[in-house]
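Structural description and commentary
Listed below, chain by chain, are the residues.
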Amino acid sequence: MSLSEAKANGEVRVSRISGDARFQSRITSIGITPGCALRVIRNDRNRPVLVYSRNTMIALNRKECSGIEVEVLS
Amino acid sequence: MTATIALLGQPNSGKSTVFNALTGLRQHVGNWPGKTVEKKEGTFLHDGKEYAVADLPGSYSLTANSDEEEITREFISSGKADVVCILADSSQLERSLFMMADYAGINVPSFLVLNMADVAEDQGKKIDAKALEDKLGIPVIQLSATENKKYDMFFEAMNRAIENKSLINISGLKTELEKIEGFTKLEELIPDGSIENYSALWLSAKAIENDRLVIDKLKNTLAPDVIKEVDGIRGAGGGAVSTGNSKFAWIDELLAGVLQKKDDQVKLGKLDRMYLSPVWGKPAVILTILFGLIGSFIPALPFMGLGQAIGGLKAPIAEALFSAGVSEILITVICNVVLQSFSYILQMLGFVFGVVLVFGLLEEVGVMARISYVFDNSMAKLGLQGKSVMPFLISFGCTMGGAAGTRVIDNWGQKVLTIALAWAVPCGAAWSVIPMLASLFFGPGAVLVIIAILLTMVLHMWITAKIFGRKLVKTGERYGMIMELPPYHKPKWGALFRYVLGRTKDTFFRVSKVVLLVCFLFWALSYSFVPGTDPILFKIGKVIEPVTKVFGMGWQLFMAFIASSVGKEGALGVISALFNDGSFYSAFSDAMSGAGVAADLNEVLLSNVTKPEALAFIFAITFNMPCVVALAATYQETASAKWTAKIAAYYTVGALVLSTIVYHIGLLIW
């Protein structure tokens, strides 16, 4: 499923990142890569999704999240 | 110049703090030629030798996706920097070393600064900088927020990097990247130096990442059959995602034995539970900004007092000069142009000082990132980032403060667009004039007028965003927020003050030019050089009255409209003088000082101005250029005379168009 559908307070793992070269480079450079585990901190309507990964709290626009496929870990 | 140092780091790596701490007052802000990106340069002295510093535009990587990254790449590859200082955030080392990993393979000497060591320490992290230095082969130091003395270590690392021409040891990265199918072959096809200063490893990685600049350049240097082969491997390489994986794998390997940390736990602090709450987030942000605005006035007050004192000197100085036999024209230039300008400028500087200090502080401690998060959704509709909400709110108080507040917006195009939209927000001076005029003419209907003005403001901002946004924030570059929320930091007071003083000084010189020029121009147009004849502005006003009638303004109102672009409060003074057959010049100069409203203004207005004209006039001055100081502040922040002029012309024309529309609607009603 897409990251924007993930439940808050859950743990997910990135399975696939798709999008144009620019999006790929942006998302990689902030530390989100396939295989990395993300903790979903908040996922509220009309707000960016808030995840925690590689020691960093990251805010991701909901639309951009559609390019990030995740599987639920817990 | 002994050497040039370039600062390279992701946003929030503390890059600007280091830049400000190094350069202090010796910095210059401008624009990169032909690009809509801010250019920050400065110099500093160490051991009696002068060094130049370039603060490279903030970006998350070196891939040529935007102007910022292209400028950074061009600066580094052209050999303008003798050494590159790469910054990373100690508290988020796993992620923030990415810039270093993306730089590895560029053959320009570098050293690594692990910033915000104190934050990492608070989180219970221990970093062995020496061990990392041994692995990387370049000087590595830790820098802490609170200790400025540590810059000794900074200089030592810098000099070592320059002397040894230290390059990053890329063997570990090479092992990781060569796990990508065809990478080794790619390195053979694109040998070292195919493009100057870049290694085969770096170019191959960028080729896989579809980096436009590298691919274009390679097409010019490599044989067509080689390019074909390169393209084949590239296509199957997996893009930035796969090279990113390799880079992070390398970082993890580097940090093994270097970074010790407790269990990785995330818990939102009290402050974040409030700011990030879906319910309380927006009110909390708005309150924060309002308190910030009030806080800005405290350091501003002494400046404002001084500015007003200078304004008060006009009369006694004029008298003294008169009795000394100085010619009248010189006296008016000295008093009504020079003294008046500096009175404006000082009052403005106080406010700029306050706003930059308070909102610079909010940026530094990490609050601004939360503001960005909360308003990302709403501001993205205008092509802006969440932070833009702050200048908009400040502009309800003062447009100049709003313009100064855009300093925390890191994208130049979005910064200029934010200022362009902030002009549409009626400022404090407008709010002191509008309700008065509206209730005079429309009684209780004034409420409707104010509602109409607020609605027009929203519409104006929306249209302006469409018109200006197309150029300033290109649709292809409109990406949703992908941003880190940094942990809260303690502010570095020393660096912050040096920065604020530096910016205030810079503002003073640039703004003085604009304000003096505009005030002189208005003086020249409104002064009767030959006694008994009418000033130029007066003559023009009368001649073009048939035209201004279309806007719903007789010549008197039109003159007041013109005066309102210098200062809103001035508009009423001009009206009362002109309808009373007062001297045009003294009306203008009094109005510019914010005084000169006659006691009988109400009767004068009611007997000379019709309702549609009044309504048109209210809209015209509300949405006109805010004032000369806002104009100067816009020039200061955008560092672009072209865009400042564009915005000013747009608002002048826009106000007249609005006035025309409102006037003709008014004619239908009354």
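Overview of the structure. (Residues numbered from 1 in each chain as written. Chains lettered and ligands numbered in written order. Predicted model: local features only at pLDDT ≥ 70, side-chain atom pairs only at ≥ 80, totals over all residues. Heavy atoms only, no water.)

Time to look at the overall build of chain A. The helix and strand tally for chain A stands at two helices and five strands. N-terminal to C-terminal, the α/β element order of chain A is β-α-β-β-β-α-β. A globule of 74 residues ought to have a C-alpha radius of gyration of about 11 Å, and chain A, at 11 Å, matches this closely. For chain A, the C-alpha atoms occupy an extent of roughly 30 × 25 × 25 Å along the three principal directions. Per-residue burial for chain A yields a buried fraction of 64% across its 74 residues. Taking the contacts inside chain A whose residues are at least 6 apart along the sequence as the reference set, 56% of them involve residues at least 24 apart. When the accessible area of chain A is evaluated, it comes to approximately 2900 Å², of which 43% is carbon and sulfur surface. Put simply, chain A has 12 plus and 7 minus side-chain charges, and the middle of one group is 5 Å from the middle of the other. (Helix = DSSP H or I, 4+ residues; strand = E, 2+ residues; numbered from the N terminus. Rg over C-alpha atoms; globule rule 2.2 N^0.38 Å. Buried < 20%, exposed > 50% of the residue type's maximum accessible area, 1.4 Å probe, protein only. Contact = heavy atoms within 4.5 Å. Areas by Shrake-Rupley, 256 points an atom, 1.4 Å probe, with all protein chains shown as cover. Lys, Arg positive; Asp, Glu negative; His and termini not counted. Charge placed at Lys NZ, Arg CZ, Asp CG, Glu CD.)

Across the contact, 45 residues belong to chain B and 33 residues belong to chain A. Taken together, both faces of the contact between chain B and chain A bury some 3700 Å²; the carbon and sulfur share is 57%. Summed over the shared surface of chain B and chain A, the number is zero salt bridges. Between the two partners, chain B and chain A, sit twelve residue pairs in polar contact (both at pLDDT 80 or more). Mapped by element, the contributors of at least two residues to the side of chain B that touches chain A are α3 (93-96), α13 (239-255), α14 (270-275), α18 (367-380) and β10 (482-485) of chain B. It is α13 of chain B that contributes the most residues to the side of chain B that touches chain A, seven residues altogether. Class assignment for the residues of the side of chain B that touches chain A results in 16 nonpolar, 16 polar and 13 charged. (Buried area = accessible area lost by both parts, 1.4 Å probe. Salt bridge = Lys/Arg side-chain N within 4 Å of Asp/Glu carboxyl O. Polar contact = N/O pair within 3.5 Å; in protein donor to acceptor, adjacent residues only side chain to side chain. Nonpolar A, V, L, I, M, F, W, Y, C, P; charged D, E, K, R; others polar.)

All names here are of chain B. Spatially, β2-β3-β4-β1-β5-β6-β8 is the arrangement adopted by the seven strands of the open sheet, whose pairing is mixed. At either margin of the open sheet sits one strand with a lone partner, and together these are β2 (27-31) and β8 (140-142). The average angle at which neighbouring strand axes cross in this sheet is 25 degrees, direction not considered. Where β2 meets strand β3 (residues 38-46), five bridges bridge the pair, whose relative direction is antiparallel. Bridge pairing in β3 links Gly 30 to Lys 39. (Pairing = 2+ DSSP bridges. Axes fitted to C-alpha atoms, helices over the stretch in contact; angles between N-to-C directions.)

All names here are of chain B. Here the structure, examined in full by the defined rule, presents 26 aromatic pairs over all chains. When the ring of Tyr 650 is compared with that of Tyr 651, the centres are 5.4 Å apart and the planes differ by 85 degrees; the resulting orientation is edge-to-face. Grouped by ring-pair contacts, the aromatic residues Phe 44, Tyr 51, Phe 111, Tyr 151, Phe 154 and Phe 155 constitute a single cluster. Lying across the ring of Tyr 635, Arg 510 places its NZ or CZ 5.6 Å from the centre. (Phe/Tyr/Trp six-rings, centres within 6.5 Å; stacked < 30°, edge-to-face > 60°. Lys NZ or Arg CZ within 6 Å of the ring centre and 35° of its normal.)

Residues and elements named next belong to chain B. Mapping Ser 659 onto the fold places it in helix α33 (residues 641-669). Owing to a relative accessible area of 0%, Ser 659 belongs among the buried residues under this scheme. Filtering out sequence-adjacent residues up to four positions away, Ser 659 remains in contact with Phe 551, Met 553, Ala 616 and Ala 620.

The subject of this paragraph is the sheet that holds strand β2 (residues 37-42) of chain A. Judged by pairing direction, the sheet is antiparallel, and its six strands sit side by side in the order β5(A)-β1(A)-β2(A)-β3(A)-β4(A)-β10(B) without closing on themselves. Single-partner strands in this sheet number two, and they are β5 (68-72) of chain A together with β10 of chain B. If you compare each strand with its neighbour and ignore which way they point, the axes differ by 40 degrees on average. The pairing of strand β1 (residues 11-17) of chain A with β5 of chain A spans five bridges and is antiparallel. Directly across from Arg 16 of chain A, in β5 of chain A, lies its bridge partner Glu 69 of chain A.

Residues and elements named next belong to chain A. Its place among the elements puts Ser 18 in the loop between β1 and α1 (21-29). Ser 18 gets classed as partly exposed once you look at its relative accessible area, which sits at 28%. It is 8.2 Å that separates the C-alpha atoms of Ser 18 and Glu 69, two residues lying 51 residues apart in sequence. Those residues in contact with Ser 18, other than ones at most four positions away along the chain, are Phe 23 and Gly 67.

With that out of the way, let us pick up the side chain of Ser 640 of chain B. Counting through the fold element by element, Ser 640 of chain B comes out in the loop between α32 (628-638) and α33. Excluding anything up to four places from it in sequence, Ser 640 of chain B contacts Trp 412 and Tyr 635 of chain B.

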